[in-house]
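Inside the fold
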Amino acid sequence: MTDQAWGLMLTVLGVLFVVPDSLFVRLIDAPALTIAFWRLTLAGGMIGIGILVTQGADPFRAVLRTGRYGAIYMVGTGASGVLFVLAISLTSVANVVFILASLPVFATIFSRIFLGEPISRRMVITITAVMFGIAIIAYGSGQTAHASITGDLVAVAVSALFAAGLTAARRAKAVSMVPGVAMAYLVVAAVIAPFANPLNVAPEQAPLILLHGTVIVCSSVFLALGPRYITSAEVGLLVLLESVLAPLLVWGVIGENPGQHALVGGAIVIMALFVSNVIFLLRRRRIRS
């Protein structure tokens, strides 16, 4: 199997495992911070133990040696892990995942500011279209059940924080950041523990919570490994699958209608990113040939 095929397979698996994430947040009958605590503790604990057993402590030391880049990655990953659950609790799943699709836009902006990378005309058009789509989603939040502007803003923060983490990780790309995911999740879980009341959960919720944590482990590992073997444009195209499938899954299972504005705005966001990434891949292939 070639590196590209391996990367595509790992990334697709990561996307498929992350699709039911928002559904679990809806199904688990507990406060948002409690869900976030168990989500981060189980995922961080399982990833951390797996690395310690198979590789020892060296991978953790390697992440810490990256200095501020590793720290920014962990802050972005950990904070976005909590805020994602809060966003789902405050607004519709469709709004959250469509807004999270804007992550490449924030990554492009941060790469320009902190890495000095130019923004192409293609990305300027993409950013404009994505922001227009998000504006339509936000406009409809006041008229759609389960949706709110507050939740939409939290989702924007999730996208921006995670993009900042990924941008920092690019400066330390020789080091696997999977151990950083474990450390970030466990530290943030400890920070929110006093406010989460994690033991106040009905026993019948335990299987859902455990399954939720397992899904996050699989998606985190696959999405940390897959993009190392393929281009960011290919990753962007595959991640768009989650933006399409997650709202459909929640709609089909619990009947949460995304609303007309979310569907229209989400379609604009997804199409803008899809076309942008396809153009990039075609140009790259033409240059290589």
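Let us look at the structure shown here.

Rules used throughout
- Residues numbered from 1 in each chain as written.
- Predicted model: local features only at pLDDT ≥ 70, side-chain atom pairs only at ≥ 80, totals over all residues.
- Heavy atoms only, no water.
- Core = buried A, V, L, I, M, F, W, Y, C linked by side-chain atoms within 4.5 Å.
- Buried < 20%, exposed > 50% of the residue type's maximum accessible area, 1.4 Å probe, protein only.
- Axes fitted to C-alpha atoms, helices over the stretch in contact; angles between N-to-C directions.
- Helix = DSSP H or I, 4+ residues; strand = E, 2+ residues; numbered from the N terminus.
- Parallel < 35°, antiparallel > 145°, perpendicular 65-115°, else oblique.
- Left-handed = near helix turned anticlockwise from the far one by under 90°.
- Contact = heavy atoms within 4.5 Å.
- Nonpolar A, V, L, I, M, F, W, Y, C, P; charged D, E, K, R; others polar.
- Phe/Tyr/Trp six-rings, centres within 6.5 Å; stacked < 30°, edge-to-face > 60°.

1. Details of the nonpolar core
In this structure, Ile47, Phe84, Val85, Val96, Phe98, Val130 and Leu273 are the most contacted members of the largest nonpolar core, which totals 65 residues. Judged by nonpolar contacts, the second largest core, of six residues, contains Phe106, Ala107, Phe110 and Ala163.

2. Notes on the packing of helix α1 (residues 3–18) against helix α11 (residues 206–225)
Running from amino to carboxyl end, α1 crosses α11 at an angle of 150 degrees, the nearest separation of the two axes being 8 Å. The angle between α1 and α11 falls in the class roughly antiparallel. Considering only the axes of α1 and α11, their crossing is left-handed. Along its contact with α1, which presents Leu10, Thr11, Leu13, Gly14, Val15, Phe17 and Val18, the element α11 presents Val215, Cys218, Ser219, Phe222, Leu223 and Leu225. Its residues assigned to classes, the contact of α1 with α11 shows ten nonpolar, three polar and no charged.

3. With respect to the packing of aromatic side chains
Evaluation of the coordinates by the stated rule reveals four aromatic pairs. Centre to centre, the rings of Phe106 and Phe110 are 6.4 Å apart; their planes meet at 35 degrees, and the pair counts as tilted. Taken together, the residues Phe106 and Phe110, both in helix α7 (residues 103–115) and four residues apart, mark about one turn of the helix. Looking at Phe106, the relative accessible area reads 14%, which means it is buried. For the pair Phe110 and Phe114, a centre-to-centre distance of 6.2 Å together with 45 degrees between the ring planes defines the contact as tilted. Placement of both Phe110 and Phe114 in helix α7 is noted, with a separation of four residues, approximately one turn of the helix. Residue classification places Phe110 among the buried residues on the basis of a relative accessible area of 18%. A connected cluster of aromatic rings, assembled from ring pairs, spans Phe106, Phe110 and Phe114.

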